[in-house]
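Below are the chains, spelled out letter by letter.
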Amino acid sequence: MRRVTWILAIVMSAALLLAGCGKKDAGSVVKDLDHVIGKLESYQGTGRMVLQTGQEPQEYQVEVWYQQPHYYRISLTNEKKDITQVVLRNDDGVFVLTPHLHKSFRFQSDWPENQGQVYLFQSLAQSILLDTERQFTKDGNSYVFDVAANYANSGQMARQKIWLDQKSLAPQKVEVSDSSSNVLVKLDFTQFEFGKKLEKDSFDMQRNMTSWDLKSLDKDAPVSGTATEPAAGTASPDGKAAAGKDTPASVQAGAVGKDAAADTPASGANAGAAADGGKAPAASPGKAAAADGSAKAPAAAAGSGGAAADAGKTPAASGASAGGAASASGTGDKQPAPAAAGTAATGAAGADNKAAANSSAGFGLIEPSYMPKGVAQQDIRDVKLGENTGIMVRYQGTYNYTLLEVAPQTQTVSVLPGDIVDLGYTLGVVTGDEKKTLTWTYEGIEFRLATADLPHDELVKIAQSVAEEAGK
């Protein structure tokens, strides 16, 4: 009898032990997570990230590689705009690469140490380990942690929910919210693998600059088999200068032929190209410009400004102002056009300034879609910075700041050490104390946002809204 009692006691103890092992609490999961970080050597993951920080959601395909001890490669692709940027960390520093433009931007920083990134496993795991007030639940085959968002220079982000696979503890999903529980960033991992074997040169800057998908060249091939050389100062729909991506174009509004004028959309940062020797203004979307000089064609009026075609006599129209229409005979007679709905006409002078700046810079002006309340745009001018020509826009009101845009001629641009800022679609760096400057690159253009009184959150919002306008 005594033997039976001991056997029952052992069986019950084993059952309780097994039951306890099958139901892990937050403490045991955190302990396992700490063990995973301790032996972490490499990983590779892919996913879909949606940013809700601007007026419209921005969607990116994310690929992240990590190799011990401090090698990172993050690829961010906006498929809608066909733009890919690569964030790279190796022994030489931190780089932001735009491979298809052969542009690189170098940071003097030890990123991402002490600066969380939503797509890095270390950042997610550390936010769970460090939050002693973490909330823990289970959802199907996932452990779900609700913790404080530990992202430097991101004051908007307050909380984040992290889904981890119960078997491997690999991240499955992340949602980052503000203090009002509005989701700002959502990342769904479609694949994540620990211990992924990566090539030695996976984190080499030159390899990443030259190994981008060559299939993307197909879309740039001429349809007819005869390549047409566009005029200098004419920008393509994706915002790149037609007369050389890396060299500022001269001020020129020559013709590219009536076919090019008819096929060129006049929107976003696109400068309008004229048909028939520059005598007829560019066509608006869906309409062909008059090529025989017998009729008057309206100036481009969509987006943020078409360049004047008739040697600067035709004012461009923008989303905030509408220019006139020039005579197709080339006389430059101007006729006022109505202002765009919901906006006020700023006059021909302002439009001419924008067109001139676009032409001399060699690329179209990209204006942020976000502007703080009580702020208005003051003026637009072209500027010269060494060998580079750029565009500077001044804003005044509740806050005062300037936005400088330039296409650097040098392949690699280095900046002084500063605080790295995650803009979602790329990285930027903030330098200065009393007067701060946020510098970043996107689609081959270097942006410098300078201010003495703009709050950090507003600084980031303006920079993030550039991605909404670029490539339109």
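On a predicted model such as this, the values are computed, not experimentally measured, just so you know.

## Details of the overall build of the protein chain
Next, step 1: When you go through the protein chain residue by residue, the secondary structure sums to seven helices and 19 strands.
Next, step 2: When the accessible area of the protein chain is evaluated, it comes to approximately 22300 Å², of which 51% is carbon and sulfur surface.

## Points about the nonpolar core
Next, step 1: Counting residues in hydrophobic clusters, the biggest one holds 82 residues, and the most contacted among them are M49, I74 and W440.
Next, step 2: Apart from the residues within four sequence positions on either side, I74 is in contact with V62, E63, V64, Q85, V86, V87, W111, Y119 and L120.

## Quick word on the pairing of strand β19 (residues 445-451)
Next, step 1: Burial of β19 is extensive: six of the seven residues sit out of reach of the surface.
Next, step 2: By the bridge criterion, six bridges tie strand β14 (residues 401-406) to β19 in an arrangement that is antiparallel. Residue Y401 lies in a different strand from β19, and its bridge partner there is T451.
Next, step 3: With antiparallel pairing between neighbouring strands as the criterion, strand β18 (residues 436-442) and β19 make up a hairpin whose turn holds two residues, including E443 at a positive phi of roughly 55 degrees.

## Topic: the sheet that holds β18
Next, step 1: Pairing is antiparallel in the open sheet, where seven strands are placed in the order β12-β13-β14-β19-β18-β17-β16. Of all strands in the sheet, those bounded by a partner on one side alone are β12 (375-385) and β16 (419-422). For this sheet the average axis-to-axis angle between neighbouring strands, irrespective of direction, equals 20 degrees.

## Some points on the packing of helix α2 (residues 26-38) against helix α3 (residues 121-130)
Next, step 1: α3 packs onto α2 with a crossing angle of 145 degrees between their chain directions and a minimal axis gap of 10 Å. When you trace α2 past α3, the crossing you get is left-handed. Only F121, A125, Q126, I128 and L129 of α3 make contact with α2, whose side of the interface consists of V30, L33, D34, V36 and I37.
Next, step 2: Residues of the contact of α2 with α3, tallied by class, amount to eight nonpolar, one polar and one charged.

## Here we look at α2
The periodicity of an α-helix, 3.6 residues per turn, causes residues three or four positions apart to be oriented the same way.
Next, step 1: Look at α2: 18 Å from first C-alpha to last across 13 residues, which is about the 18 Å you get at 1.5 Å a residue.
Next, step 2: For α2, the complete set of buried residues consists of A26, V29, V30, L33, V36 and I37. In a view along the axis of α2, the buried residues occupy a sector of 115 degrees, so they form one face of it. In this structure, α2 carries K31, H35 and G38 as exposed residues pointing more than 90 degrees from its buried face.

## Points about the side chain of T439
Next, step 1: Its place among the elements puts T439 in strand β18.
Next, step 2: Residue classification places T439 among the buried positions, given a relative accessible area of 8%.
Next, step 3: T439 has contacts with F105, V415, G428, V429, E446, F447 and R448, leaving out every residue within four places of it along the chain.

## Description of the environment of V96
Next, step 1: If you trace the backbone, V96 turns up in strand β5 (residues 93-98).
Next, step 2: Judged by relative accessible area, which is 2%, V96 ranks as buried.
Next, step 3: A C-alpha to C-alpha distance of 9.6 Å links V96 and M205, two positions 109 residues apart in sequence.
Next, step 4: Setting aside anything within four residues of it in sequence, one finds V96 in contact with Q85, V86, V87, K103, S104, F105, F107, T426, L427 and T441.

## Regarding the environment of V50
Next, step 1: Mapped onto the secondary structure, V50 falls in strand β1 (residues 42-51).
Next, step 2: Note on V50: relative accessible area 12%, which makes it buried.
Next, step 3: In this structure, the C-alpha to C-alpha distance between V50 and E175, residues 125 residues apart in sequence, is 9.7 Å.
Next, step 4: Filtering out sequence-adjacent residues up to four positions away, V50 remains in contact with P57, Q58, E59, L184, V185 and K186.

## Some thoughts on the confidence of the model for the protein chain
Next, step 1: Looking at the protein chain as a whole, the pLDDT averages 73, with 62% of positions reaching at least 70.
Next, step 2: Contacts of residues 213-349 to residues separated by more than four positions or lying in other chains number 237 contacts, the stretch itself having pLDDT below 50.

## Examining the sheet that holds strand β9 (residues 159-165)
Next, step 1: One open sheet holds the twelve strands; their spatial order is β7-β8-β9-β10-β11-β1-β2-β3-β4-β5-β6-β15, and the pairing between them is mixed. The sheet terminates laterally at β7 (135-139) and β15 (412-414), the two strands that pair on one side only. Taking the axes of each pair of neighbouring strands and ignoring which way they run, one obtains an average angle of 20 degrees across the sheet.
Next, step 2: Note that strand β3 (residues 71-78) and strand β4 (residues 83-90) share seven bridges and pair antiparallel. Bridging from a neighbouring strand, T77 pairs with T84 of β4.
Next, step 3: The sheet contacts of α3 involve β1, β2 (58-67), β3, β8 (142-148), β9, β10 (171-177) and β11 (183-194), and relative to β9 the element is tilted by about 110 degrees.

## Comments concerning unusual backbone geometry
Next, step 1: Omega for the bond connecting Q68 with P69 falls within 30 degrees of zero, at 5 degrees, which places this linkage in the cis form.
Next, step 2: By the secondary structure assignment, P69 is in the loop between β2 and β3.
Next, step 3: In this structure, P112 follows W111 across a cis peptide bond, with omega equal to 5 degrees.
Next, step 4: Its place among the elements puts P112 in the loop between β6 (103-107) and α3.
Next, step 5: A positive phi is found at L169, a non-glycine position, where the angle reads about 65 degrees.
Next, step 6: By secondary structure assignment, the location of L169 is in the loop between β9 and β10.
Next, step 7: Owing to a relative accessible area of 5%, L169 belongs among the buried residues under this scheme.

## Considerations on the pairing of β2
Next, step 1: In terms of strand pairing, β1 meets β2 through ten bridges, oriented antiparallel. From the neighbouring strand, G47 faces β2, where its bridge partner is V62.
Next, step 2: Where β2 lies against β3, seven bridges are found, and the strand directions are antiparallel. Residue Y66 lies in a different strand from β3, and its bridge partner there is Y72.
Next, step 3: If you look at the hairpin formed by β2 and β3, you'll find three residues sitting between the two strands.

Definitions and cut-offs
Residues numbered from 1 in each chain as written. Predicted model: local features only at pLDDT ≥ 70, side-chain atom pairs only at ≥ 80, totals over all residues. Heavy atoms only, no water. Helix = DSSP H or I, 4+ residues; strand = E, 2+ residues; numbered from the N terminus. Areas by Shrake-Rupley, 256 points an atom, 1.4 Å probe, with all protein chains shown as cover. Core = buried A, V, L, I, M, F, W, Y, C linked by side-chain atoms within 4.5 Å. Buried < 20%, exposed > 50% of the residue type's maximum accessible area, 1.4 Å probe, protein only. Contact = heavy atoms within 4.5 Å. Pairing = 2+ DSSP bridges. Axes fitted to C-alpha atoms, helices over the stretch in contact; angles between N-to-C directions. Left-handed = near helix turned anticlockwise from the far one by under 90°. Nonpolar A, V, L, I, M, F, W, Y, C, P; charged D, E, K, R; others polar. Expected span 1.5 Å × (residues − 1). Arc of directions from axis to C-beta. pLDDT = per-residue confidence, 0-100.

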